[in-house]
Amino acid sequence: MFKIASHLLLVFIFLVSHSYANIFNQINVTGNERISKETILVLSNLKTGINYDDNQLNQSFKNLFQSNFFKDINFEVLDNALNISIVENPIIEDLEISGIKNKNIVELINNNIVLKNRKSFVESDLLKDVNNILNILKSNGYYFAKVDPVLINNNELNSIRLEYNVELGDKAKIKKIKFIGDKKIKDKKLLEIIASEEHKFWKFISNSVYLNEQLVELDKRLLENYYKNQGYYQIQVLDSFGQFDNSEGLFELIFNISAGEKFYFNEFALNLPEDYDPNDFDKINKLFKKLEGKRYSINDFNELLEEIDNIASFKLYDFIDATVDETIIGNNKLNFTFNVNDAKKFYVEKINILGNYVTIEEVIRNKLIVDEGDPLNNILYNKSIDNIRSLGIFKNVKAEIKDGSVLNSKEIDIIVEEKPTGEISLSAGVGTSGSTIGGGIKEKNFLGKGINLSTNLEVSEDSVKGEFIYSKPNFAYTDNTLSTSIRSTTTDYLTDFGYKVSNLGFSLGTSFEQYENLFFNPEIDLNFESLTTNSSATNTLKKQEGSYEDLYFNYGLIYDLRDSAFNPSKGNRTSFNQTIPLYSETNELINTFTFTQYKELNRSNNMIGKASLYLKNVNSVDGSDVRISKRGQIPYSRLRGFERGKVGPIDSGDYIGGNYVSALNLSTNIPTFLNTVENIDFLYFIDIANVWGVDYSDNIDDSNQIRSSTGIGIDLLTPIGPLSFSFTQPITKKSSDKTETFRFNLGTTF
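What counts, and at which threshold
- Along each chain, residues carry numbers from 1 onward, in the same order as the chain's sequence is written.
- Totals for whole chains, interfaces and linings use all residues, but because this is a predicted model, local features are given only for residues with pLDDT of at least 70 and pairs of side-chain atoms are given and counted only at 80 or more.
- Where side-chain values are given, they derive from all heavy atoms of the structure, hydrogens and water being excluded.
- The helix count covers DSSP runs of H or I at least four residues long, the strand count covers runs of E at least two residues long, and both are numbered beginning at the N terminus.
- Accessible area is worked out with a 1.4 Å probe on protein chains only. A residue is then buried under 20% of its type maximum, exposed over 50%, and partly exposed in between.
- The criterion used for residue contact is that any of the two residues' heavy atoms lie within 4.5 Å.
- Here the rule is simple: two strands pair whenever DSSP picks up at least two bridges between them.
- Where helices are involved, their axes are fitted lines through C-alpha atoms of the stretch in contact, as for all axes, and angles between N-to-C directions lie from 0 to 180°.
- pLDDT gives the predictor's per-residue confidence on a scale running from 0 to 100.
- Between the first and last residue of a helix there are one fewer steps than residues, each counted as 1.5 Å, and that sum is the expected span.
- For patch detection, residues must exceed 30% relative accessible area and be free of salt bridges, and they are connected within 9 Å for like charges or within 5 Å for nonpolar side chains (Val, Leu, Ile, Met, Phe, Trp, Tyr).
- Method for areas: the Shrake-Rupley scheme with a 1.4 Å probe, in which residue coverage is limited to the protein chains shown.
- Salt-bridge detection follows one rule: a side-chain nitrogen of Lys or Arg within 4 Å of a carboxyl oxygen of Asp or Glu.
- The convention is simple: Lys and Arg are positive, Asp and Glu are negative, and His and the chain ends are not counted.
- Think of each charge as sitting on NZ of Lys, CZ of Arg, CG of Asp or CD of Glu.
- The aromatic pairing rule takes the rings of Phe, Tyr and Trp, using the six-membered ring of Trp, and pairs them if the centres are within 6.5 Å, calling planes under 30 degrees apart stacked, those over 60 edge-to-face and the rest tilted.
- For a Lys NZ or an Arg CZ to count as sitting over a ring, it must be within 6 Å of the ring centre and within 35 degrees of the ring normal.
- Here the word oblique covers every angle except those under 35 degrees (roughly parallel), over 145 (roughly antiparallel) and from 65 to 115 (roughly perpendicular).
- Only protein atoms enter the calculation, which uses a 1 Å grid: trapped sets of points that fit a 1.4 Å probe without letting it out are cavities, open sets showing protein on both sides within 12 Å along at least five of seven lines are pockets, and any residue with an atom within 4 Å of a point is a lining residue.
- Grid points are joined across faces, edges and corners, and a volume is the space filled by probe spheres set on the points.
- Polar here means any residue other than Ala, Val, Leu, Ile, Met, Phe, Trp, Tyr, Cys and Pro, which are nonpolar, and Asp, Glu, Lys and Arg, which are charged; Gly is therefore polar.
- Rotating anticlockwise by less than a right angle from the far helix to the near helix defines a left-handed crossing, while the corresponding clockwise rotation defines a right-handed one.

Q: I'd love a proper account of the environment of Ala537, names of residues and values included.
A: Positionally, Ala537 belongs in the loop between β24 (518-533) and α12 (539-544). With a relative accessible area of 8%, Ala537 lands in the buried category. Along the backbone, Ala537 and Tyr493 are 44 residues apart, and their C-alpha atoms lie at a distance of 9.6 Å. When neighbours within four sequence positions are excluded, Ala537 is seen to be in contact with Phe497, Gly498 and Lys542.

Q: Summarise the sheet that holds strand β14 (residues 333-342); cite the residues concerned and give the values.
A: Spatially, β12-β14-β13 is the arrangement adopted by the three strands of the open sheet, whose pairing is mixed. Since the sheet does not close on itself, it has two edges, and those belong to β12 (264-271) and β13 (320-329), each with one partner. With strand direction ignored, the average angle separating the axes of adjacent strands in the sheet is 20 degrees. On top of the sheet, helix α8 (residues 282-291) reaches β12 and β14; it is set at about 160 degrees to β12, its chief contact.

Q: Which residues make up the confidence of the model for the protein chain, and what are the values?
A: When pLDDT is averaged across the protein chain, the result is 85; 93% of the residues are at 70 or more. Per-element averaging of pLDDT across the protein chain places helix α1 (residues 2-17) at the bottom with 46 and strand β31 (residues 660-669) at the top with 95. A low-confidence stretch, residues 8-20 (pLDDT under 50), is modelled with 17 contacts involving residues beyond four sequence positions or located in other chains.

Q: Explain helix α7 (residues 213-229) residue by residue, including any values.
A: With 17 residues, α7 should cover 24 Å at 1.5 Å per step; its first-to-last C-alpha distance of 25 Å lies within 8% of that length. Residues of α7 that are buried include every one of Leu215, Val216, Asp219, Lys220, Leu223, Tyr226, Tyr227 and Asn229, and no others.

Q: Could you give an account of the pairing of strand β4 (residues 70-78), with specific residues and numbers?
A: In the sheet, β4 pairs with strand β5 (residues 81-88) via eight bridges, with the strands oriented antiparallel. Looking at the pairing, Leu78 lines up with Ala81 of β5. If you look at the hairpin formed by β4 and β5, you'll find two residues sitting between the two strands, and Asp79 has a positive phi there, around 55 degrees.

Q: Could you give an account of the side chain of Ser662, with specific residues and numbers?
A: Tracing the backbone through its elements, the reader meets Ser662 in strand β31. Judged by its relative accessible area of 18%, Ser662 falls in the buried class. The residues touching Ser662, leaving out its near neighbours within four places in the chain, are Tyr614, Leu615, Ile688, Ala689, Asn690 and Trp692.

Q: Could you give an account of a negative patch on the surface, with specific residues and numbers?
A: Taken together, the side chains of Glu461, Asp462, Asp492 and Asp496 present a region of like negative charge at the surface. Along the polypeptide, Asp496 turns up in the loop between β22 (481-493) and β23 (499-515).

Q: Help me get a handle on unusual backbone geometry, residues and values and all.
A: A positive phi is found at Leu447, a non-glycine position, where the angle reads about 60 degrees. By the element assignment, Leu447 lies in the loop between β19 (434-446) and β20 (451-460). Given a relative accessible area of 57%, Leu447 falls into the exposed group. Even without being glycine, Asn587 reaches a positive phi, approximately 55 degrees. Mapped onto the secondary structure, Asn587 falls in the loop between β26 (571-583) and β27 (588-602).

Q: I'd like a rundown of the packing of aromatic side chains, residues and numbers included.
A: Describing an aromatic ring pair means giving the distance of the ring centres and the angle of the ring planes. Enumeration over the complete set of coordinates arrives at 29 aromatic pairs. Positioned above the aromatic ring of Tyr548 is the side chain of Arg627, whose terminal nitrogen or guanidinium carbon lies 4.2 Å from the ring centre.

Q: I'd love a proper account of the packing of helix α2 (residues 37-44) against helix α3 (residues 54-66), names of residues and values included.
A: The interhelical angle for the contact between α2 and α3, taken along N-to-C directions, is 120 degrees, at an axis separation of 8 Å. Overall, the two elements α2 and α3 adopt an arrangement that is oblique. Here Ile40, Leu43 and Ser44 of α2 come into contact with α3, specifically with Ser60, Asn63 and Leu64.

Q: Break down empty space enclosed by the protein for me, citing the residues and quoting the values.
A: With the rule as written, the count across this model stands at three cavities of 30 Å³ or more. Its volume calculated, the largest cavity comes out at about 90 Å³. Here the residues of the lining of the largest cavity are counted per class, giving seven nonpolar, two polar and three charged. Taken as a whole, the second largest cavity encloses approximately 50 Å³ of empty space. Along its surface, the second largest cavity is lined by Thr538, Thr540, Leu541, Gln544, Val626, Ile628, Arg631, Asp651, Ile656 and Tyr696.

Q: Account for the pattern of salt bridges, with residues named and values stated.
A: Inspection of the entire model under this criterion finds 29 salt bridges. Between Lys395 and Glu417 there is a salt bridge, with the nearest N and O atoms lying 3.8 Å from each other. Taken together, the residues span a long stretch of sequence, with Lys395 in strand β16 (residues 394-403) and Glu417 in strand β17 (residues 409-418) at a distance of 22 residues. Judged by its relative accessible area of 29%, Glu417 is partly exposed. Between Lys410 and Asp403 there is a salt bridge, with its nearest N and O atoms 2.6 Å apart.

Q: I'd like to hear about the packing of helix α4 (residues 103-112) against helix α5 (residues 123-139), residue by residue, with values.
A: For the pair α4 and α5, interaxial distance at closest approach is 10 Å and the crossing angle is 145 degrees. Between α4 and α5 lies a crossing whose hand is right-handed. Residue-level contacts link Ile105, Leu108, Ile109 and Asn112 of α4 to Asn132, Ile133, Ile136 and Leu137 of α5. Here the residues of the contact of α4 with α5 sort into six nonpolar, two polar and no charged.

Q: Explain the sheet that holds β17 residue by residue, including any values.
A: Here three strands make up an open sheet; going across it, the order is β15-β17-β16 and the pairing mixed. Since the sheet does not close on itself, it has two edges, and those belong to β15 (347-354) and β16, each with one partner. Geometrically, the sheet is characterised by an average inter-axis angle of 20 degrees between neighbouring strands, direction not taken into account. For β15 and β17, the ladder comprises seven bridges, and the chain directions are parallel.

Q: Quick rundown of a nonpolar patch on the surface? Include the residues and the values.
A: Judged by side-chain polarity, Phe468, Ile486, Leu504, Phe506, Leu526 and Phe528 come together as a nonpolar surface patch covering roughly 460 Å² of accessible area. Mapped by element, the contributors of at least two residues to the nonpolar patch are β23 and β24. Assignment of secondary structure puts Ile486 in strand β22. Judged by its relative accessible area of 40%, Ile486 falls in the partly exposed class.

Now the structure itself:
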């Protein structure tokens, strides 16, 4: 910078001494070796026979310096001739980055540094690139990295070999995550929301235990969205920083939160252009009335914008734009005015997809609502960009609108930044029902085609389960997801009950949103089962011993009206699943119905009530006996206070399950109890359930009796993972049922 300034000063002195217009009959260039005279004249924009004033010559000098081709430049006027003397910057013959094995990081560095192979070497750019490399390494958790640039000059060729020797050091591990300030919500809940995790010696696979700037930014967005869905309209994550502990060489990650007060929707207004039909916006006005007086939620607010999007699409309001005016009333109420306007009429001439060096363009374009040739609708344009972000396979998504080549047209540039999309996990759990260990591998963008792959394995004391799932969104441009899976399960009860069941299954299905919030999931399922018995098995089980081949048509309907899939506070979810035999030796027809309702019981302290109904029946369509592996059992989580699988009909000491299952579960959190203890939550519950029906024998008690229990649940966040307790008192039961007063489960990930 000093060199440029000094040369500009010399040019200024030169121009002062020749402060009149110049017409050069000749322009001479000396000192150039690689760069031709013609190129230098083009860069300087100088020509013979042209009248140049002082400012134009000054600008020519700047143009040459800003090209970065030259280390030194001098102008000299002699007898109507301009003599340009230059010293070229050396060319970068070769550039290497050593010390980094991760190819993705090396590629990210190469894309972000200024100096490149076959480019001119500029010393000031070298310092910038060293800082760029350090920042990229820091964003990936390498806070102790060192970068040593090594230059090897070749004076004969005026070239340089540049090597960045990188010493990564240890990754910055997170010792502790703290939340400070006016946070209003317990640390335990906030830790469940963020992606970063505290480092433990067994978490040797997870990358979330390393301090990563990009992950911290994601944490901040997750926190803000969660708070806004809890009514904290003015939430601010004021700061987030890593504090280094020299004694242990670890970081404390600290989030400073200002939650503010809870806000509630007050009044809504909708302003439309005069030529719009108000009847088209009736649903908006109904949503206004529904939300008035309710707790503010960003999801509810987005639902209003979503409905305006739908109206724009279905009512052919092509050139529409919407703005929202927000007004705070008193201390905790909000008025919203939605202004719908006619936007300027532009058409999309072209959409350019940039930066997708892994993901194929089709995956991105499939998420666009606005396409080439369409009217440029600002609402649908913004929704298209949000759809791309929702894929979860890009680190960053930006979009720019620029003028097209013809009148009233626009070009859209969509710039994406790729990120790693694979994940490896291990998990373990121990509890009163036994212990499990498992693991899995997931990939969200296989071959850059947006394909989801998932494989997992779980091993417990009695069973081994494995599954591989392939999922292709927008299969054949239908907006439907195609999925296929292979699964294998072995359940071994030979020692206790004299039988062992092995299953190998294949499935092919799809899923899509049939109507708003209504999802349909049809599937073809092929299953191979083997039932093995020994001398201690019941006569019924011995009769069923053998191999079975079954072909089923399964389908599910899900109607989801919850305000959020994660920690919902209101709304409900209804599901119905049916398994229909197409080819089977025993022809079981299985129906399962679930309905769950959430309701806010107390606004001030986030007390949420939950009621859930579960119904299931298993019967053969031709009167055959239902196989032991197909019989119904009460899900362990729906009847606390009783041992797993030790409820219902009994055959020779073996709890065989029933043809019918029902359960009603009522629960609420208790936020006011020990509310100052950050790592613990309490739950009160009532469970009511029954399993009954024995189709293969009239001599066995079908056990048709209501079981019920009540108790307290405790969720405790411990240094080794989440620990769940329940203390339960059975209320009603059958004498043959086996009860348990205490239940716990400890789980963690690696």
